Amino acid sequence: MRFLDLSAISDADKQACEAIARDAGVNLKDCYQCGKCTAGCPLAESMDLVPREVIRYLQLGAVDVVLEAKTPWICAQCVVCSSRCPQNVDICSVMRAVRLASKHAGKRPVPEADIFDDEFIANVRAHGVSNEQYLAAAYNVKSGHFVQDMGNATRMLKRGMVGVAMHNTKGRANVAALVDRALAADSTRRAQADEGKGGEA
Amino acid sequence: MSRIGVFLCYCGSNIAGTVDVEAVAEMARSLPEVVYVETNKYTCSDPGQEGVKNAIIEKGIDRVVVGACSPRMHEPTWRKLLADTPVNPYMLEVANLREQCSWVHKDREVATAKAIDLVKMAVAKVARLQPLHSIEIPVHKKALVIGGGIAGMQTALDIADAGFQVTIVERETSLGGKMVMLDKTFPTMDCSACICTPKMSEVGNHPNITVKSYSEVENVSGYIGNFEVTIREKAKFIDYNLCTGCGACETKCPAKVTNAFEQGMSQRTAIYKMFPQAVPAKPVIDAEHCLKLTTGKCGVCSKVCPTGAINYEDEDKLTTETYGAVVFATGYKLIDWKPLYPEYGGGKYEDVITGLQFERLVNASGPTEGHVLRPSDRTEPKSVVIIKCVGSRDPNKGKAYCSRACCMYSAKHAHQYLDKVPDGKCYVFYMDVRTPGKGYDEFYMNTLHDGAQYIRGRVSKIYKEGDKLICKGEDTLTSSQVTVSADMVVLETAMVPADGIDELAAKFTVGRDADSWLVEAHAKLRPVETNTAGIYLAGTCQGPKDIPDSVCQAGAAASKVIGLLNKDALQSNPQISRVNETLCQGDGACVNICPYGAISIVEKQFRENSRKVVRPVAQVNPGLCQGCGACTVTCRAGAMDLLGYTNESIMREVDALCQW
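These figures come from a predicted structure and were not determined experimentally. (Residues numbered from 1 in each chain as written. Chains lettered and ligands numbered in written order. Predicted model: local features only at pLDDT ≥ 70, side-chain atom pairs only at ≥ 80, totals over all residues.)

Asks: Mind laying out the overall build of chain B, listing which residues take part and the relevant values?
Replies: When helices and strands are tallied, chain B shows 18 helices and 34 strands. With the principal axes as the frame, chain B shows a C-alpha extent of 95 × 70 × 45 Å. A total of 660 residues make up chain B; the buried ones form 45% of that total. Restricting the contact set of chain B to residue pairs at least 6 apart, pairs at least 24 apart contribute 70%. (Helix = DSSP H or I, 4+ residues; strand = E, 2+ residues; numbered from the N terminus. Buried ≥ 20, exposed ≤ 12 C-beta atoms within 10 Å, placed from the backbone. Contact = placed C-beta atoms within 7 Å.)

Asks: Requested: an account of the interface of chain A and chain B, with residues and values cited.
Replies: The extent of an interface is frequently quoted as the accessible surface area lost upon association of the parts. At the interface, 13 residues of chain A touch 14 residues of chain B. At the level of secondary structure, the elements contributing two or more residues to the side of chain A that touches chain B comprise strand 1 (2-5) and helix 3 (51-60) of chain A. For the side of chain A that touches chain B, the class distribution of residues is six nonpolar, two polar and five charged. In this sheet, strand 26 (residues 480-486) of chain B lies alongside strand 1 of chain A in parallel orientation, the contact comprising four bridges. Bridge pairing in strand 26 of chain B links Arg2(A) to Ser480(B). (Nonpolar A, V, L, I, M, F, W, Y, C, P; charged D, E, K, R; others polar. Pairing = 2+ DSSP bridges.)

Asks: Which residues make up the sheet that holds strand 11 (residues 215-223) of chain B, and what are the values?
Replies: All names here are of chain B. Reading across the sheet, the three strands line up as 11-12-17 and stay open at both edges, with antiparallel pairing between neighbours. The two strands at the open ends of the sheet, each matched to only one other strand, are strand 11 and strand 17 (317-323). In this sheet, adjacent strand axes meet at a mean angle of 20° when their direction is disregarded. Note that strand 11 and strand 12 (residues 226-233) share eight bridges and pair antiparallel. Pairing of Asn 219 across the sheet is with Thr 230, part of strand 12. (Axes fitted to C-alpha atoms, helices over the stretch in contact; angles between N-to-C directions.)

Asks: If you had to explain the environment of Gln453(B) to someone new, which residues and values would you point to?
Replies: Residues and elements named next belong to chain B. Looking at the secondary structure, you find Gln 453 in strand 23 (residues 453-456). Measuring from C-alpha to C-alpha, the distance between Gln 453 and His 415 comes to 11 Å, with 38 residues separating the pair along the chain. Excluding its chain neighbours within four sequence positions, the residues that come into contact with Gln 453 are Cys 426 and Tyr 427.

Asks: Can you tell me about the sheet that holds strand 4 (residues 92-96) of chain B, naming the residues and giving the values?
Replies: All names here are of chain B. What the four strands build is an open sheet, ordered 2-1-3-4; its pairing is parallel. The sheet terminates laterally at strand 2 (34-40) and strand 4, the two strands that pair on one side only. The average undirected angle you get between the axes of adjacent strands in this sheet is 15°. Strand direction decides the pairing type here: strand 3 (residues 63-68) and strand 4, joined by five bridges, are parallel.

Asks: Explain helix 7 (residues 192-205) of chain B to me, using residue names and the numbers behind them.
Replies: Residues and elements named next belong to chain B. The terminal C-alpha atoms of helix 7, which comprises 14 residues, lie 20 Å apart, in line with the 20 Å expected from a rise of 1.5 Å per residue. For helix 7, the full list of buried residues reads Ser 192, Ala 193, Cys 196, Thr 197, Lys 199, Met 200 and Val 203. Burial along helix 7 is one-sided: seen end-on, the buried residues are contained in an arc of 160°. Helix 7 presents Cys 194, Pro 198 and Asn 205 as exposed residues on the side facing more than 90 degrees away from its buried surface. Against helix 6 (150-161), strand 7 (165-169), strand 8 (184-185), strand 9 (190-191) and strand 10 (209-212) lie the buried residues of helix 7. (Expected span 1.5 Å × (residues − 1). Arc of directions from axis to C-beta.)

Asks: Kindly report on the environment of Asn14(B), identifying the contributing residues and their values.
Replies: Its location among the elements puts Asn14(B) in the loop between strand 1 (4-9) and helix 1 (21-29). Those residues in contact with Asn14(B) that sit more than four places away from it in its chain are Arg98(B) and Ser102(B).

Asks: Give me the lowdown on the packing of helix 8 (residues 111-127) of chain A against helix 9 (residues 132-143) of chain A, citing residues and values where you can.
Replies: Residues and elements named next belong to chain A. Running from N to C, helix 8 and helix 9 point in directions that differ by 140°, and their axes come no closer than 9 Å. Relative to helix 9, the crossing made by helix 8 is right-handed. Taking contact as the criterion, the partners of Glu 112, Ile 115, Phe 116, Glu 119, Phe 120 and Asn 123 in helix 8 are, on helix 9, Tyr 134, Leu 135, Ala 138, Tyr 139, Lys 142 and Ser 143. Taken together, the residues of the contact of helix 8 with helix 9 sort by class into seven nonpolar, two polar and three charged. (Left-handed = near helix turned anticlockwise from the far one by under 90°.)

Asks: Summarise the pairing of strand 4 of chain B; cite the residues concerned and give the values.
Replies: Most of strand 4 of chain B sits out of view: five of its five residues are buried. Crossover strand 3 of chain B to strand 4 of chain B through helix 3 (residues 71-83) of chain B is right-handed. (Right-handed = clockwise from strand over helix to strand, strands pointing away.)

Asks: Lay out the domain arrangement of chain B in plain terms, naming residues and giving numbers.
Replies: For chain B, the assigned domains are domain 1 (4-126), domain 2 (142-331 + 497-565), domain 3 (333-495) and domain 4 (577-643). Using C-alpha coordinates to define each centre, domain 1 of chain B is positioned 55 Å away from domain 2 of chain B. (Domains from an automatic or database assignment.)

Asks: An account of helix 3 of chain B is needed here, citing residue identities and associated values.
Replies: All names here are of chain B. Taking 1.5 Å as the rise per residue, helix 3 with 13 residues should run 18 Å; its terminal C-alpha atoms sit 17 Å apart, in good agreement. Buried residues of helix 3: Trp 78, Leu 81 and Leu 82, and no others. One face of helix 3 carries all of its buried residues, which in axial projection span an arc of 90°. Away from its buried face by more than 90 degrees, helix 3 exposes Arg 72, Pro 76, Lys 80 and Ala 83. Here the buried face of helix 3 lies against helix 2 (46-59), strand 3 and strand 4.

Next comes the structure, spelled out in structure tokens:
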């Protein structure tokens with residue numbers, strides 16, 4: 001069980017929660033905690049906080065709880081929650097925004113998800129398209145799960161579902177530029193936000 | 001020898017489908033004193049009724065048995081039919097062959113046997129009935145409204161506008177009730193006093209309304225159309241014919257008394273008006289605190305009064321008048337939370353206040369002139385905790401019921417606080433948010449967007465640390481224990497019935513529930529009537545309500561009263577209890593059981609064994625008796641009889657059933 005001193009929650013923490021909500025294009029006050037997001041979530045049983053609780057902690061300003069939560073990293077971004085929310089709260093976007101904020105704060109509640117993210121982006125950046133066999137191999141090596149796909153890999157190779165050939169798109173330089181631009185824009189924005197926060201303090 | 005006619009109905013196939021009606025008719029023809037039996041496909045149809053009427057006249061029938069649907073359905077039809085014939089409308093018995101026979105049985109043989117029994121019983125009973133005649137009860141075209149809050153004022157205005165005289169009895173020195181204490185009303189945020197005071201002056205100036213302020217009901221007797229009510233007007237010590245309401249006396253009075261209107265947050269003088277817009281706009285002297293009346297020294301008010309209106313010799317006045325109808329609009333008060341909730345400080349923390357105190361704190365004419373300042377040090381609280389359901393939904397410490405208005409009331413308080421203190425923080429602890437009203441949920445959602453932090457859970461304890469009030473609770477939405485350090489705490493306390501309601505309701509024999517709310521005649525279909533004819537309910541005396549619901553019920557009660565007062569006389573139901581004075585022991589068991597207060601014990605003179613003796617006997621008031629029959633089964637001596645359902649006629653029915 002957690003203990004929260006609501007009066008001790010700092011303005012900075014509240015602003016951090018607001019920033020996440022802004023990032024996701026959501027007004028946290030819209031959520032009235034009905035639980036329909038959690039009810040439909042296919043991954044809720046694997047999560048440490050259910051989706052509703054993530055929104056609730058953001059409402060309370062308890063940003064640390066949210067940044068350390070595994071839930072946003074487990075979220076499959078299937079958008080069931082957002083599509084069914086009676087108040088039009090885009091919970092799915094909140095999960096994405098929390099994940100970015102968490103990564104930016106140097107936290108890795110689910111390291112595998114972080115590794116997979118990085119490898120996926122690197123893979124797409126290099127080839128213009130995801131080459132799943134190499135992505136899987138790189139992920140398995142970096143995450144230490146060396147043998148996890150051995151059984152499947154041989155069968156998939158035999159049936160021709162994956163191959164050793166590397167696919168490279170013609171416009172992969174453009175894709176790489178696109179990825180770089182997006183990553184650069186995100187870090188600039190976050191750096192500015194951090195400065196602004198520092199300036200206020 | 002009586003001449004009984006039996007009329008049996010097929011009701012299409014409703015009865016005839018399961019009951020062999022012709023077999024029942026054949027049996028009926030063999031019964032003693034039955035001179036005519038007829039069957040009909042639909043007896044209640046116009047030709048069916050015409051046939052019954054003709055048969056009665058042609059065959060010289062003097063008692064009628066109808067075997068058809070439930071008497072709840074068509075007994076009034078048959079009584080009306082008999083009124084057009086020489087037969088008395090009460091020489092009638094309905095055998096219920098449909099709801100209690102054909103509809104509940106499948107076996108034709110069994111159903112027919114039962115129908116035969118039912119008709120036998122009805123014939124046996126009707127042979128012993130006596131003709132009954134209703135009496136006319138005159139109606140006094142004047143209404144009494146008890147309570148001058150928004151419900152009472154609305155009722156009085158609606159009745160008076162229909163052209164009837166109304167008297168309002170108000171216990172306090174002014175009309176207005178609780179509504180005039182409120183600052184704003186949800187969800188429109190109308191200024192409460194601005195919409196309430198025009199009603200007050202409309203009532204005060206209405207030619208058909210008499211306002212008796214500072215008055216209470218002393219005594220009641222009588223019944224519907226004829227309530228004789230004695231009203232005690234407490235001594236005001238001021239001649240209202242002379243007083244101009246200039247207020248000079250109030251500025252000079254040296255006595256200082258806790259101001260109840262301001263919820264104890266300021267002081268008033270001993271000669272006082274409740275608030276500036278009071279109606280009547282004239283002061284009274286509070287005899288308990290006036291120096292002249294308690295010590296004999298002072299008399300400043302009489303010296304400064306320019307019209308000589310002060311009269312220290314004034315006494316309570318009793319007046320008795322007759323009213324045709326009475327409306328209870330006695331309202332509510334807030335539960336005394338202090339002895340119940342030691343965990344919230346039990347009153348030892350000055351900055352733990354009630355919702356009504358908060359209303360006065362944000363009111364421009366309140367003790368702080370509308371600035372939100374906490375009572376202890378008159379500083380602006382930067383953090384306020386609002387706790388809902390204090391005394392409500394708490395059967396252990398308070399009441400089991402929901403007080404209905406507090407969810408909106410607390411949303412309004414949060415909104416008002418954040419409006420007046422934009423940099424303040426407001427936390428609302430709640431179990432549920434119940435907003436079933438037009439525009440209510442929208443108002444609540446707006447309050448959330450104003451920045452009120454709603455925390456789902458009850459506060460377990462409030463304690464002091466420095467000048468902060470620490471509230472310990474749970475956020476059940478995250479299963480976290482939470483604390484808030486607040487500058488001020490507002491408790492949204494439960495509504496309970498006004499003081500003295502038990503005694504007042506007992507005087508009028510109006511029923512109360514376990515929490516002393518007055519009980520309506522039927523929870524769904526007769527919501528403004530009481531079980532005592534001629535007495536109606538308006539507003540929160542019946543249960544917790546908000547203002548729109550109170551006004552709505554007030555209008556409904558008024559329309560019932562107008563309907564009653566429009567009649568010149570009422571036809572009484574002649575099926576009432578009768579006392580056999582020879583058997584009556586005068587022990588009063590019937591008086592105790594009667595739910596309508598219709599029976600009293602009187603001393604009466606009798607000749608017994610050639611001697612005059614005086615002994616107590618029961619007496620039934622025909623205006624109050626509703627013919628429920630409770631007294632007839634209670635009376636040990638068998639002295640009580642219900643006309644139309646006499647002990648003898650019921651025994652005859654049982655006999656008929658037992659003759660094989």
